[in-house]
Amino acid sequence: MKGYVLQLFAQRGALWTDEVIDAVESEYGVSGAYWRGTVRLTLVDLYAGGLLSEQEATVDPQRTQGEERVLFKYALTDFGRERMAQSGLATNRGGVPA
């Protein structure tokens, strides 16, 4: 899933947490609180590792199933692009820039 999320950022640019969740649920055919939490944890892990940077933050219960939850807008960092290239994720497969 981490590789897919990184490729998503490489293809689409900066994304909000809920946009990433929607894309992952659609791609993997999953849904529910467990998967939303898994995607949020994946984003935090990629952010903590320096592969993503935080661009903005907001609270919008309409976008988070009525919950008062912070949404973050993340973007791929130069380090993230470098690590994608080193790991073979940025190989022009699926439209990912090399």
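Above this text sits the structure in question.
The structure reproduced in this document is the subject of the present report. (Residues numbered from 1 in each chain as written. Predicted model: local features only at pLDDT ≥ 70, side-chain atom pairs only at ≥ 80, totals over all residues. Heavy atoms only, no water.)

What follows covers the side chain of T42. Among the secondary structure elements, T42 is positioned in helix α3 (residues 33-48). Polar contacts involving the side chain of T42 include one to the main-chain carbonyl oxygen of T38, which spans 2.9 Å. What T42 contacts, discounting residues up to four positions off in sequence, is M1, K2 and V5. (Helix = DSSP H or I, 4+ residues; strand = E, 2+ residues; numbered from the N terminus. Polar contact = N/O pair within 3.5 Å; in protein donor to acceptor, adjacent residues only side chain to side chain. Contact = heavy atoms within 4.5 Å.)

Attention now moves to the packing of helix α2 (residues 17-28) against α3. Where α2 meets α3, the axes come as close as 10 Å, and the angle between the chain directions of the two elements is 120 degrees. Our classification of the angle between α2 and α3 gives oblique. For α2 against α3, the interelement crossing comes out right-handed. Two secondary-structure elements touch here, α2 through T17, V20, I21, V24 and E25 and α3 through R36, V39, R40 and L43. Per-class residue counts for the contact of α2 with α3 are 5 nonpolar, 1 polar and 3 charged. (Axes fitted to C-alpha atoms, helices over the stretch in contact; angles between N-to-C directions. Parallel < 35°, antiparallel > 145°, perpendicular 65-115°, else oblique. Left-handed = near helix turned anticlockwise from the far one by under 90°. Nonpolar A, V, L, I, M, F, W, Y, C, P; charged D, E, K, R; others polar.)

For the coordinates displayed, the defined rule picks out 3 salt bridges. Between D18 and R63 there is a salt bridge, and its shortest N-O distance comes to 2.7 Å. Note that D18 is positioned in helix α2 and R63 in the loop between β2 (52-59) and β3 (70-76), a separation of 45 residues in sequence. Exposure remark for R63: the relative accessible area of 27% places this residue in the partly exposed category. Linking K73 and E56 is a salt bridge whose minimum nitrogen-to-oxygen distance equals 3.9 Å. Of this pair, K73 sits in strand β3 while E56 sits in strand β2, and the two are 17 residues apart along the sequence. The class of E56 is partly exposed, set by a relative accessible area of 41%. (Salt bridge = Lys/Arg side-chain N within 4 Å of Asp/Glu carboxyl O. Buried < 20%, exposed > 50% of the residue type's maximum accessible area, 1.4 Å probe, protein only.)

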